[in-house]
Amino acid sequence: PLADPDPGYTSYAELVGVVDEVVAAHPDIAAKSVIGQSHEGRDLVAVKISDNVGVDEDQPEVLFVHAQHAREHLTVEMAVHLMRLLTDGYGSDPRVTDLVDGREIWILPNVNPDGSEYDMAGSTWRDWRKNRQPNEGSAALGTDLNRNWAYEWGCCGGSSGSPSSITYRGPAPESAPEVRVVADFVRGRVVGGEQQITTAIDFHTYSELILWPFGHTYDDVTDGMSQAEYDTHEALGEHMAEANGYTPQQSSDLYVTDGSINDWLWGDQRIVNFTYEMYPRSAADGGFYPPSSVIERETARNEEAVLRLLDYADCPYRIIGEEA
Ligand SMILES: CC(C)C[C@H](NS(N)(=O)=O)C(=O)O
Ligand SMILES: [Zn+2]
């Protein structure tokens, strides 16, 4: 068999198999689309879960993004868990059924397949983070997808201009094909001038945190973030953290980042969104590479938190008692 540091983690080929299996088992509520390709040509997949799945209904949409960072493999397992939760539970779990009926849910189970595959191709993990795109004029490979988004790109010392850095922002916003594809997908969800996606989670590991924008500034309130909008993010973040025991905080309280997805989803598309840093809390508990024996426990841990986001997807501002 091919080398594999921990066979309990889902490879790209296995992930495509899971997607096809879920869609085949639940054709009325699950559909697979290919929204583009990675640098090396792997399909970037979107799984839509909703009743009347083939129809774009006028329902709030929710986006889940997984594996921007290659070594954060538990996030792919989170996507697998969510696909199964939202399809196997349909028709039996009343809350899941209502949410799948009333929302259109998009799961992007691996937006950096080249990096993920590279990281797990040897007999030991390679500690890879970025994509696998070459950089002109450098021997160093890769752009950090979570520094390549176009909102306040490179503004604030929250990324690097050096191709060899693990936080290399790329030569320009959306220069990474994977970012361009996902950004185009999100822009494509603007229907009749209105962004249909209301809420989102971008899954990462590790540290057990729920983070909300902005990352580019320490300020709570600033251009593009009113007090009510900040309070909405904070209240929803805290509501979800009560369910999974993660620590809720503004993204920049961890450290300043620029060009991150969470700033773009909110700043450019006004999507109320969160970054989850999953298990473990510290390097002592496995860091980026906890044993695959924790997958079931640490993905199931987020079920209630994710369902709470789906609850509020029709109007996130309801959590602070406002309309919008
Ligand atoms: C979302 C930000 C604030 C944290 C994230 N940490 S990670 N997942 O790369 O370790 C990152 O640096 O992109
Ligand atoms: Zn990450």
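Conventions and cut-offs
Residues numbered from 1 in each chain as written. Chains lettered and ligands numbered in written order. Predicted model: local features only at pLDDT ≥ 70, side-chain atom pairs only at ≥ 80, totals over all residues. Heavy atoms only, no water. Donors = N, O, S within 2.8 Å, 3.2 Å for Na, K, Ca; no water. Helix = DSSP H or I, 4+ residues; strand = E, 2+ residues; numbered from the N terminus. Buried < 20%, exposed > 50% of the residue type's maximum accessible area, 1.4 Å probe, protein only. Near = heavy atom within 4 Å. Polar contact = N/O pair within 3.5 Å; in protein donor to acceptor, adjacent residues only side chain to side chain. Areas by Shrake-Rupley, 256 points an atom, 1.4 Å probe, with all protein chains shown as cover.

J.: Kindly report on the coordination of the zinc ion (ligand 2), identifying the contributing residues and their values.
T.: At this site the zinc ion (ligand 2) is bound by H69 (ND1), E72 (OE), E72 (OE) and H204 (ND1), with donor distances of 2.0 to 2.3 Å. The sequence motif formed by the donor residues of the zinc ion (ligand 2) is H-x2-E-x131-H. Highlighted residues: H69 in the loop between β3 (61-66) and α2 (74-88) and H204 in strand β7 (residues 197-205), separated in sequence by 135 residues. For H69, a relative accessible area of 2% corresponds to the buried category.

J.: Break down unusual backbone geometry for me, with residues and values.
T.: Omega for the bond connecting T205 with Y206 falls within 30 degrees of zero, at -5°, which places this linkage in the cis form. Its location among the elements puts Y206 in the loop between β7 and β8 (209-212). For the bond from Y279 to P280, the omega torsion is 0°, close enough to zero to count as cis. Locating P280 in the fold gives a position in the loop between β10 (272-278) and α9 (295-300). One non-glycine residue, E174, lies in positive phi territory at about 60°. As for its position among the elements, E174 is in the loop between α4 (113-119) and α5 (177-187). A relative accessible area of 9% places E174 in the buried class. Positive phi values are uncommon outside glycine, yet R270 reaches one of about 55°. Along the chain, the position of R270 falls in the loop between α8 (261-267) and β10. Taking the relative accessible area as the measure of exposure, R270 reaches 36% and is therefore partly exposed.

J.: Now, about the site of ligand 1: what can you tell me, with residues and values included?
T.: In the vicinity of ligand 1 lie 14 residues, with R129, N146, R147, Y255 and E277 positioned nearest. Take Y255: an N or O atom from its side chain is 2.8 Å from an oxygen atom of ligand 1. Here a nitrogen atom of ligand 1 and a side-chain polar atom of E277 are 2.9 Å apart. Protein chains shield 95% of the accessible area of ligand 1, which is 360 Å² for the free molecule.

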